[in-house]
Amino acid sequence: MKQCISCPINCLDCFNFYNCTECSPNMILYNNSCVSLCPSSTFYNLTLDQCSVCNITYGSMCSQCTASGCVKCATPNYRYNKTCVSACPTGTYVSNNDD
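Residues numbered from 1 in each chain as written. Predicted model: local features only at pLDDT ≥ 70, side-chain atom pairs only at ≥ 80, totals over all residues. Heavy atoms only, no water.

A. Expanded view of the state of the cysteines. All told, the structure shown has seven disulfides when counted by the stated rule. There is a disulfide in this structure between Cys 11 and Cys 20, and the S-S distance comes to 2.1 Å. Taking the sign of the torsion about the S-S bond as the criterion, the disulfide between Cys 11 and Cys 20, at about 110°, is right-handed. Of the two residues, Cys 11 and Cys 20, both sit in the buried class. One disulfide bridge connects Cys 62 with Cys 70, the sulfur atoms lying 2.2 Å from each other. (Disulfide = S-S within 2.5 Å. Buried < 20%, exposed > 50% of the residue type's maximum accessible area, 1.4 Å probe, protein only.)

As structure tokens, this is what we get:
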């Protein structure tokens, strides 16, 4: 017999128990689940109202980011203009500072 089953806790709408499509207030959609904070290597994407993965949004060299850009690059890459590059462009140099 077919029946209606409630979505998981903190999930307002879903396709099934494992695929949430909308979260309760103060929760964020990430990988079809609702989380209270975006996990490491992701950021809250206000436009999509969900956690987005840094290396998909800002390139494979980005390991930590915010909505405004990459803040940490995977070794041995360098941060340049909120993105990551494998070598510093002409007119720039490598700095060991994190700012």
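B. Structural detail: the environment of Asn 10. Relative to the helices and strands, Asn 10 is located in the segment before strand S1 (11-16). Of the residues examined, Asn 10 reaches a relative accessible area of 34% and is grouped as partly exposed. For the pair Asn 10 and Thr 83, spaced 73 residues apart in sequence, the C-alpha separation works out to 34 Å. Once residues within four sequence positions are removed from consideration, Asn 10 is found in contact with Cys 23, Ser 24, Met 27 and Cys 34. (Helix = DSSP H or I, 4+ residues; strand = E, 2+ residues; numbered from the N terminus. Contact = heavy atoms within 4.5 Å.)

C. Here's a closer look at the pairing of strand S6 (residues 50-53). Across four bridges, the pairing between strand S5 (residues 42-45) and S6 is antiparallel. Bridge assignment links Phe 43 to a residue of S6, and that residue is Ser 52. Linking S5 to S6, which pair antiparallel, is a turn of four residues; within it Asp 49 sits at a positive phi near 55°. (Pairing = 2+ DSSP bridges.)

D. Representation of unusual backbone geometry within the structure. The residue after Thr 75, namely Pro 76, is reached through a cis peptide bond having omega 10°. Of note, Pro 76 is situated in the loop between strand S8 (69-73) and strand S9 (78-80). One non-glycine residue, Asn 31, lies in positive phi territory at about 50°. Relative to the assigned elements, Asn 31 resides in the loop between strand S3 (28-30) and strand S4 (33-35). Positive phi, close to 55°, is recorded for Asp 49, a residue that is not glycine.

E. Structural detail: the packing of aromatic side chains. Under the definition given, this model contains two aromatic pairs. Summarising the aromatic geometry, the rings of Phe 17 and Tyr 18 are spaced 5.6 Å apart at their centres and angled 85° between planes, so their arrangement reads as edge-to-face. This pair shows no difference in class: Phe 17 is exposed, exactly as Tyr 18 is. Ring plane angle 40° and centroid distance 5.7 Å describe the contact between Phe 43 and Tyr 58, whose orientation is recorded as tilted. Here Phe 43 is found in strand S5, whereas its partner Tyr 58 is found in the loop between helix H1 (54-57) and strand S7 (62-66), with 15 residues between them in sequence. Using a relative accessible area of 22% as the deciding quantity, one classes Tyr 58 as partly exposed. (Phe/Tyr/Trp six-rings, centres within 6.5 Å; stacked < 30°, edge-to-face > 60°.)

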